Amino acid sequence: MSLSFDPSSVTLPRGHFIGGEWVGAKDGIELRRPSDTAVFAACPVAGADLVDQAVAAAKQALAQSGWARVAPRERARALHRWADLIDAEAETLARLEAIASTRPIAELMAGDIPVTAEQIRFFAEFADKEGGNLVPTASDSFGMIATEPYGVVGAITPWNFPINMAGWKLGPALAAGNAVVLKPSEMTPFATLHLAELSVRAGLPPGLINIVLGDGRTTGTAITGHPDIAKVSFTGSTAAGAAIMENIARTGIKPMTLELGGKSPQLVFADADLPLAAGAIARSILGNAGQACVAGSRLIVAESAAEQLVALIAERMQTIRPGPTWDADSAYSPIISERQIGRMESIVGAAVAQGARCRLGGERLDQPGYFYAPTLLEGVDATSPAVTEEIFGPVLTVQTFREEEEGLQLADHPTYGLCAGLYTRDLARALRATNRLQAGTVWVNRYGRSRDHILPTGGYKQSGLGKDLGREAYLANRKSKSVLIAL
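Residue numbers restart at each chain and count upward from 1, following the sequence in its written direction. Whole-chain, interface and lining totals are the exception, using all residues; otherwise, since this is a predicted model, local features are given only for residues with pLDDT of at least 70 and side-chain atom pairs are given and counted only at 80 or more. Only hydrogens and water are removed before side-chain values are computed, so all heavy atoms of the structure are retained for them.

(A) Region of the structure containing the packing of aromatic side chains. Aromatic pairing here means that ring centres of Phe, Tyr or Trp (its six-membered ring) are within 6.5 Å. Orientation follows from the plane angle: under 30 degrees is stacked, over 60 is edge-to-face, and everything else is tilted. Evaluation of the coordinates by the stated rule reveals nine aromatic pairs. Ring centres of F17 and W22 lie 5.0 Å apart, and the angle between their planes is 65°; on these two criteria the pair is classed as edge-to-face. Residue classification places F17 among the buried positions, given a relative accessible area of 2%. Throughout this description, buried means an accessible area under 20% of the type-specific maximum (1.4 Å probe, protein chains only), exposed means over 50%, and partly exposed covers the range between. Taking the relative accessible area as the measure of exposure, W22 reaches 35% and is therefore partly exposed. Their ring planes at 20° and their centres at 5.4 Å tell us that F126 and Y474 sit as a pair that is stacked. Separated by 348 residues along the polypeptide, F126 in the loop between helix 4 (105-124) and strand 5 (133-135) and Y474 in helix 15 (residues 470-475) bring together distant segments of the chain. You can call F126 buried: its relative accessible area is 8%. Judged by relative accessible area, which is 1%, Y474 ranks as buried. Ring pairs connect the aromatic residues F122, F123, F126 and Y474, which therefore count as one cluster. Helix and strand assignments follow DSSP, with helices taken as H or I runs no shorter than four residues and strands as E runs no shorter than two, numbered in order from the N terminus.

(B) Local environment of empty space enclosed by the protein. Residues are said to line a cavity or pocket when one of their atoms sits within 4 Å of a point; the points come from a 1 Å grid over protein atoms alone, cavities being sets where a 1.4 Å probe fits but cannot get out and pockets being open sets with protein on both sides within 12 Å along at least five of seven lines. Grid points are joined across faces, edges and corners, and a volume is the space filled by probe spheres set on the points. One pass over the full model with this rule turns up two cavities of 30 Å³ or more. In this structure, the largest cavity is lined by V153, W168, K169, P172, K231, S233, T257, K467, D468, A473, A476 and N477. Counting only elements with at least two residues in the lining of the largest cavity, the list comes to helix 5 (162-175) and strand 10 (231-235). Top contributing element to the lining of the largest cavity by residue count: helix 5, with three residues. Space inside the second largest cavity adds up to approximately 60 Å³. Looking at the second largest cavity, the residues that line it are G262, K263, G290, A292, C293, A295, S297, E390, I391, F392 and G393. For this classification, Asp, Glu, Lys and Arg are treated as charged, while Ala, Val, Leu, Ile, Met, Phe, Trp, Tyr, Cys and Pro are nonpolar and the rest, including Gly, are polar. The residue inventory of the lining of the second largest cavity, partitioned by class, reads five nonpolar, four polar and two charged.

(C) Up close: the sheet that holds strand 18 (residues 419-423). We call two strands paired when DSSP finds no fewer than two bridges between them. Strand order in the open sheet formed by seven strands is 14-15-16-13-12-18-19, with mixed pairing between adjacent strands. Whereas interior strands pair on both sides, the edge strands pair on one side only; in this sheet they are strand 14 (357-360) and strand 19 (441-444). Direction aside, neighbouring strands of the sheet carry axes that sit 25° apart on average. Against the sheet, helix 9 (residues 274-286) contacts strand 12 (265-268), strand 13 (298-302), strand 16 (395-401) and strand 18, and its axis sits at roughly 175° relative to strand 12. Note on definitions: a residue-residue contact is assigned when non-hydrogen atoms from the two residues lie within 4.5 Å. Only C-alpha atoms enter the line fits that serve as axes; for helices the fit covers just the stretch in contact. Angles between N-to-C directions range over 0 to 180 degrees. Sitting on the sheet, helix 13 (residues 404-411) is in contact with strand 12, strand 13 and strand 16, with an inclination near 150° to strand 16.

(D) Quick look at helix 9. By this rule, a helix spans an expected 1.5 Å times one less than how many residues it contains. The terminal C-alpha atoms of helix 9 lie 18 Å apart, and with 13 residues this matches the ideal 18 Å at 1.5 Å per residue to within 8%. Three or more residues of helix 9 are buried, namely L274, A277, A278, G279, A280, I281, A282, S284, I285 and L286. Buried residues in helix 9 make contact with strand 12, strand 13, helix 10 (303-317), strand 16 and strand 18. Think of a polar contact as two N or O atoms within 3.5 Å of one another; within protein, one of them needs to be a possible hydrogen donor and the other a possible acceptor, and neighboring residues in sequence only count if both atoms come from side chains. Its side-chain oxygen 3.1 Å from the backbone nitrogen of L276, D273 forms the N-cap of helix 9. Taken from the residues just after helix 9, N288 is the one with a positive phi, measuring 55°.

(E) Main features of the pattern of salt bridges. Here a salt bridge means any side-chain nitrogen of Lys or Arg lying within 4 Å of a carboxyl oxygen belonging to Asp or Glu. Tallying each qualifying case throughout the model produces 32 salt bridges. The closest approach of N and O atoms between D271 and R429, which form a salt bridge, is 3.3 Å. Of this pair, D271 sits in the loop between strand 12 and helix 9 while R429 sits in helix 14 (residues 427-436); the two residues are 158 residues apart in sequence, bridging distant segments of the chain. Between R359 and E307 there is a salt bridge, and its shortest N-O distance comes to 3.0 Å. Here R359 is found in strand 14, whereas its partner E307 is found in helix 10, with 52 residues between them in sequence. Assessed through its relative accessible area of 30%, R359 is described here as partly exposed. Counted as one network, the salt bridges with shared partners bring together R73, E125, D128 and K129.

(F) Structural view of the environment of A278. Within the secondary structure, A278 sits in helix 9. Distance from A278 to A356, taken between C-alpha atoms, is 21 Å for residues 78 residues apart in sequence. If we skip the residues at most four places from it in the chain, A278 touches L309, L312, I313 and R316.

(G) Structural context of the packing of helix 4 against helix 5. Two elements in contact, helix 4 and helix 5, have axes separated by 8 Å at closest approach and are oriented at 10°. If you check the angle between helix 4 and helix 5, you find them roughly parallel. Where helix 4 crosses over helix 5, the two elements pack in a sense that is right-handed. Packed against helix 4, whose contacting residues are D112, I113, V115, T116, Q119, I120, F123 and A124, the element helix 5 presents I163, N164, G167, W168, G171, P172 and A175 at the interface. Relative orientations are named as follows: roughly parallel for angles under 35 degrees, roughly antiparallel for angles over 145 degrees, roughly perpendicular for angles from 65 to 115 degrees, and oblique for any other angle. The hand of a helix crossing depends on one turn: near helix anticlockwise from the far one by less than a right angle means left-handed, and clockwise means right-handed.

Put into structure tokens, the structure is as follows:
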């Protein structure tokens, strides 16, 4: 059966989801489909009053259900039921996501939706397996470190992988015993709304997950500054992360997890398996049309291997199959909006004006929708705007080096340190370089996340604070208490 569908056949959720019920709202922000630029919906903007209502619903759900106090295995069972329902409703979720977002329906069905269910199951298993610790103290005392949930967690997710990012936030927070008030991106809210509705159908207490729609300026500010939200988790741009930190500092100190921007290097030595490296690098920059914080957008290659490697990458970049996200044959994403594609054009144009050469691409694709051609920029240096700025699109810059130290210095970005790719057959070199690379994640002879959710993700420098995924994400949703008992 084909996954292709008619976007006009899909009924979109309308309004906010608070306390397990739909809360109607006036239309607000006009939404256009990235695949064809057609106006198809509008997103309401929740003010401080609706955020207050959502936080109150979350607090009430915690108090009435005892979610934080029930046997941890009960929390795990409820989350497993939710994950099962996500799998069962995969096609509905995928259609809701495909209409508004840049994610092709086939990739959603094969990746995003089942991965989200896996994430929920992964974190569910921490509920009854992670606890406090007994610690060594004097013989006349008993010491332990206990952990407990924060209460209400505020979460804000981006538009590029909407349902996956919702899973990143909701899974660990709920497993750890918290309730959540979550704001999805105003451009891609629909699958997240249905995800929350499924949680109630699966038996999670109504009000444990509350979805409020709106923009960052109004709704996001109300969430991050709310006095009854005890912890904030955000994924998005570095600029937005800085604004959240400022708002939290101004309205009251609370812990935060920020997974922010990246400008990740792909460091390729002359001894690398070049076809393997070319495939990994091309997939990285073509996936979601480069609209990923982890996109490996800076190729730094040994001079002696550069021409062969760049030719291999260019060959792969020319095999794209663009098309609307609701067509099962589409395998190359549109850009999310006119604003984003315009910003991309501006940065590429500035780089070319500064001396960069477009070996490939550098322009929009001639078809409906916000599609931008895969682009290879040569002749750039460390001052090029295509190297310094996060483009968030299918643009790969090329720099070369002669000595290992030079390559490592080029890889070290002054602003970002989210991820890095490293390609070499020399194990000693791989270990040396891994130790030197300033990045929260280093992939060796591959690039990109696997389904090993135990590996945390998070950046150095201005790429963020704290970690998502892994044990670290679960622990970040619990606060610790030191206890010393005199015997």
